[in-house]
Structures are given as structure tokens and as C-alpha cells.
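# Observations on the model geometry
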Amino acid sequence: MNTGKVDVLLGLQWGDEGKGKVVDVLTPKYDVIARFQGGPNAGHTLEFEGQKYVLRSIPSGIFQGGKVNIIGNGVVLAPDLFMDEAKALEASGHDLHSRLHISKKAHLIMPTHRVLDAAYEAQKGKNKVGTTGKGIGPTYTDKVSRNGLRVGDILDNFPEKYAKAKARHEAILKSLNFDYDITEVEKKWLEGVEYLRQFPIVDSEHEINNILKSGKSVLCEGAQGTMLDVDFGSYPFVTSSNTICAGACTGLGIGPNKIGEVYGIMKAYCTRVGAGPFPTELFDETGKLIRDLGHEYGAVTGRERRCGWIDLVALRYSIMVNGVTQLIMMKSDVLDGFDTIKACTAYKVNGIETRDFPYNIEEGIEPVYETLPGWKTDMTKFTSEDQFPKPFKDYIAFLEAQLETPIKIVSIGPDRAQTIVRK
């Protein structure tokens, strides 16, 4: 039987690695693009033909050649935010209604989920996780506690189901003595539910497996990053879903034997948004310079990203748990002007050196750095790897040796065209 292939593309750091741009670049090679986890806390930025787009829930393959894009069962969806995002894309000339399919089993983010998100963060005080406030965590909590509302529910007796779920949240909020008013938000949210009905609402696990049976190919698009995975990330400062490759199986309903290439995306340095440990974080002028040169501000929240040198201990761990077959390095151009560049090759944990990622990285971690020469060259207009300066080629070779995985694609700017596929 001629079965198609499933390749997975995901972030290897703390999110914001540039997944959207690479999905857009790779889309012509695939028949279908599918998102498998996360929600509108994602912010995938794409730039081409003088336009800039930020996608939150819609897969990043939506711009290329009429390909089918699927929002899988592992995603949590906010109907009002989805409506805003889809209408903005349609206004810019991109027809979505025929080629954007939504899983019946994707869970809905309710207005009261956002209120719960704020209430729980307020309770934690100085120990807050630093969520985006979009209601993602409470929605996944309802999912695993078997109290969730799903996209498929809007097709059958929805008002009763919604009222029951809302009443349950209201009882929790009352017990927390948390004041709120969702009148306007709820009105728009219900408009979003009606808007959702205009799209194909499908049994996505059947659809994807039938696509594979017909010999077609699927690219699975991850959101956030491996170090935010609820099981393997820097817990509890993580997201509420499995961001790793295994999440593509559970988030779309595909067997692990169907997975082929696993593209791991990383920046040439490292960033993190919100609270949580970050061993290679820079608090000096270098960190500020990286932030400014890299425009390191959240695509959805606008929050400043914390910046630091590349962390090879965390990357080796991410490559291991994902089974990464090839690496994609983003934002290499941000480091174009540096005299020297550092890379963390090991940690000292309470004075003992290790190359393994430890259970707890919140305290007692000292990064061990190797210093490499910078390339001091503006690479943003390069069109071939033959133009790369020798120090940059040496940096790539150093990373490949440390990570034992080939770097196949190098990004040298935000535009679709500023992408170099290595031989």
C-alpha cells in the first residue's frame, strides 16, 4: 500500500523559534498542514511580499497554494479570537472557508476560562507562572478532568451544554471571591461560535489517516517549544500541552510508525517569555542588544523576551526526547555584528559538571561556556551557503558536532526569501 508520510516540525527551546516562517517555506512540499496542540497563546509570525502576518490558531500553511490546513483535536480554540484572526486573513485576500478544517474533538476556550486563568494567577502571587491569560491552562484542566466543551458540541444542543459548563466555572469563581464581568466578551464569543459553523468541522483523525492512505503527505506544526512541554519542560513554568513530537500522535490521531522527518527549530541564541528558569539568560548590555537586534517581543502579547546565549545542554535534551532528524537554525543574522559568541556546552550543578539536563534548573545551575569567534558580516542578503564567512561555517560545524544532528536550513532574516537550504 502506498501510504503517505507525516513529518513533524517543532520548537526545541522555550518557544518563539520561528516555526511559522519555516512551515510557510516548507508547505509547497506537502499536501496538508496540521496544528496538533496549543491555542491562541501561540504567535507564528510570517513575512513575505511586504506583508506581515501573525497566526495564533490557524496553521501557517494557509498562505501557500490552496493546501488543506487542519486544526487538530489537541488544539484548544477560542471562537472569538479565531473569528478575528480568520476575518483579518480573509480581508487580506486569503480564502479560508474551503481549506481550513477544524476537528470536532478540539476543546473550546470559554470566556470563563480566561477569568479562571486570571484568578489562579492572582492566587499564586509572586509564584505565578506568567501565563498569556488566554485561558489555555484552565481549558486543558477541564479536558483532563472530563468537563470540557468541544467544537463538535456546537453542532448538537449547544446552549444547554454551554450553560452547564459556565455554571460550573461560576461556582469556582464564587469560591475564589474573584470579581469579573464577561458580558461583552461572551457576546462576541457566541458570535465566534456561529462563525465557526461556517467551516468544515470534521473527524480529523479519520481525515488525516485517509489522506495518508491515499499517498499524500502531512506536515504537523507544533506550537510553543520543547522546554515548555508539560512533561519534559521546566515544570511548573510550562504550557499545558505536550509540545514534543509525541504530541503530534495524540493531537492528531496518527500512529507513531507514520512519522518520518522530525524538524527541530532553534535560534542561534536563546530566548524565553514570562517566568521560569533560564540558565543562559544575559542580564547585561549583550542581552539587551540581542533583544533589540532580534526584535524579541512576543508576537501575541508584546512582552519583552528574555535573551541569552545558546544552551546546548537543553538542546541535546530536546533533540533526544523528540527524535529530531534535522535542525533548522533561525535568526543567525542577529549575531552578525558580534566579536565573539558563546555557547553553553555543560552545566555545573552545585559545583559538579554535567552534560545532562537535570530535573531542576531553578537554582544551583552555572552554565559552562565555550567562546567562538564572531563572523562580523552582514549575511541578510546572502542567497547561498557558499557565501557564508568561515567563522559562521565553523559555528555551524561546532553546533552539529555538539548536537550530533545536521543543520539543514539556516534563516538569515524574517522574510520567506531569507532562507538558505544547505546541501
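Use the structure listed above.
Everything numeric here is computed off the predicted structure, so don't read it as measured data.

Conventions and cut-offs
Residues numbered from 1 in each chain as written. Predicted model: local features only at pLDDT ≥ 70, side-chain atom pairs only at ≥ 80, totals over all residues. Heavy atoms only, no water. Helix = DSSP H or I, 4+ residues; strand = E, 2+ residues; numbered from the N terminus. Rg over C-alpha atoms; globule rule 2.2 N^0.38 Å. Contact = heavy atoms within 4.5 Å. Polar contact = N/O pair within 3.5 Å; in protein donor to acceptor, adjacent residues only side chain to side chain. Core = buried A, V, L, I, M, F, W, Y, C linked by side-chain atoms within 4.5 Å. Buried < 20%, exposed > 50% of the residue type's maximum accessible area, 1.4 Å probe, protein only. Salt bridge = Lys/Arg side-chain N within 4 Å of Asp/Glu carboxyl O. Axes fitted to C-alpha atoms, helices over the stretch in contact; angles between N-to-C directions. Parallel < 35°, antiparallel > 145°, perpendicular 65-115°, else oblique. Left-handed = near helix turned anticlockwise from the far one by under 90°. Nonpolar A, V, L, I, M, F, W, Y, C, P; charged D, E, K, R; others polar. Expected span 1.5 Å × (residues − 1). Arc of directions from axis to C-beta. Disulfide = S-S within 2.5 Å. 1 Å grid on protein atoms, 1.4 Å probe; cavity = no way out; pocket = protein on both sides within 12 Å on 5 of 7 lines; lining within 4 Å. Points joined across faces, edges and corners; volume = space filled by probe spheres on them.

Of regular secondary structure, the protein chain possesses 11 helices and 20 strands. The C-alpha atoms of the protein chain give a radius of gyration of 21 Å, which matches the 22 Å a tight globule of 423 residues would have. If one aligns the C-alpha atoms of the protein chain with their principal axes, the spans along those axes are about 65 × 50 × 40 Å. Residue pairs in contact within the protein chain that sit at least 24 positions apart in sequence constitute 77% of those at least 6 positions apart.

As for its placement among the helices and strands, Thr405 is situated in the loop between helix 11 (390–403) and strand 19 (407–411). Among the polar contacts listed, one links the side chain of Thr405 to the backbone oxygen of Leu403, at a separation of 2.9 Å. Setting aside residues no more than four positions away along its own chain, Thr405 makes contact with Ile319, Val324, Thr325, Gln326, Leu327 and Glu400.

Ranked by size, the top nonpolar core spans 52 residues in total, and within it Cys220, Met329, Leu335, Phe388, Phe392, Tyr395 and Leu399 carry the most contacts. Filtering out sequence-adjacent residues up to four positions away, Leu399 remains in contact with Met266, Ile310, Leu312, Met329, Glu404 and Ile407. By size, the runner-up hydrophobic cluster in this structure holds 31 residues, among which are Ile58, Leu96, Leu100 and Trp189.

Applying the stated criterion to the full structure yields 24 salt bridges. Where Lys5 meets Asp7, a salt bridge forms, and the shortest distance between an N and an O atom there is 3.3 Å. Owing to a relative accessible area of 40%, Lys5 belongs among the partly exposed residues under this scheme. For Lys423, the salt bridge goes to Asp386, with nearest N and O atoms at 3.4 Å. In this pair, Lys423 sits in the segment after strand 20 (419–421) while Asp386 sits in the loop between strand 18 (365–373) and helix 11, placing the two residues 37 residues apart along the sequence. Take Lys423 and Asp386: they sit in the same class, and that class is exposed. One salt-bridge network, in which partners are shared between bridges, spans Asp16, Lys267, Glu296, Arg305 and Lys331.

Interhelical geometry of helix 10 (residues 312–322) versus helix 11 gives an angle of 55° and a closest axis separation of 10 Å. Classified by the angle between their axes, helix 10 and helix 11 sit oblique to one another. Considering the relative orientation of helix 10 and helix 11, their crossing is right-handed. Contacts between helix 10 and helix 11 involve Leu312, Leu315, Arg316 and Ile319 from the former and Phe398, Leu399, Gln402 and Leu403 from the latter. Taken together, the residues of the contact of helix 10 with helix 11 break down into six nonpolar, one polar and one charged.

A few words on helix 2 (residues 79–91). Between its first and last C-alpha atoms helix 2 spans 18 Å; for 13 residues at 1.5 Å apiece the expected length is 18 Å, and the two agree. Within the span of helix 2, buried status applies to Pro79, Asp80, Phe82, Met83, Glu85, Ala86 and Leu89. Just past helix 2, the residue Gly93 takes up positive phi, approximately 100°.

Our focus in this paragraph is helix 11. A rise of 1.5 Å per residue sets the reference length of helix 11, with its 14 residues, at 20 Å; its end C-alpha atoms lie 20 Å apart and thus fit the reference within 8%. All buried positions along helix 11 are accounted for by Phe392, Tyr395, Ile396, Phe398, Leu399, Gln402 and Leu403. Buried residues in helix 11, looked at end-on, bunch into an arc of 160°, giving them a common side. Within helix 11, the exposed residues directed more than 90 degrees away from the buried face are Lys390 and Ala401. Positive phi shows up at Glu404, right after helix 11, with a value of about 55°.

Further remarks concern the state of the cysteines. Here is the idea: a disulfide is a covalent bond, and it sits between the sulfur atoms of two cysteines. Counted under the stated rule, the structure contains zero disulfides. Of all cysteine sulfurs, the one in Cys270 lies closest to Cys307, which takes part in no disulfide; the gap is 9.2 Å. Taking the relative accessible area as the measure of exposure, Cys307 reaches 1% and is therefore buried. Unpaired in terms of disulfides, Cys344 finds its nearest cysteine sulfur in Cys270, a separation of 9.5 Å.

If you add up the space inside the second largest pocket, you get close to 240 Å³. Around the second largest pocket, the lining is made up of 13 residues, and of these Gly233, Ser234, Tyr235, Tyr359 and Asn360 lie nearest the centre. In the lining of the second largest pocket, the residues fall into eight nonpolar, three polar and two charged.

Within the element layout of this structure, Asp7 appears in strand 1 (residues 6–11). Residue Asp7 is classed as buried on the basis of its relative accessible area of 1%. In contact with Asp7, other than residues within four places in its own chain, are Tyr30, Val218, Leu219, Cys220, Gly260, Glu261 and Tyr263.

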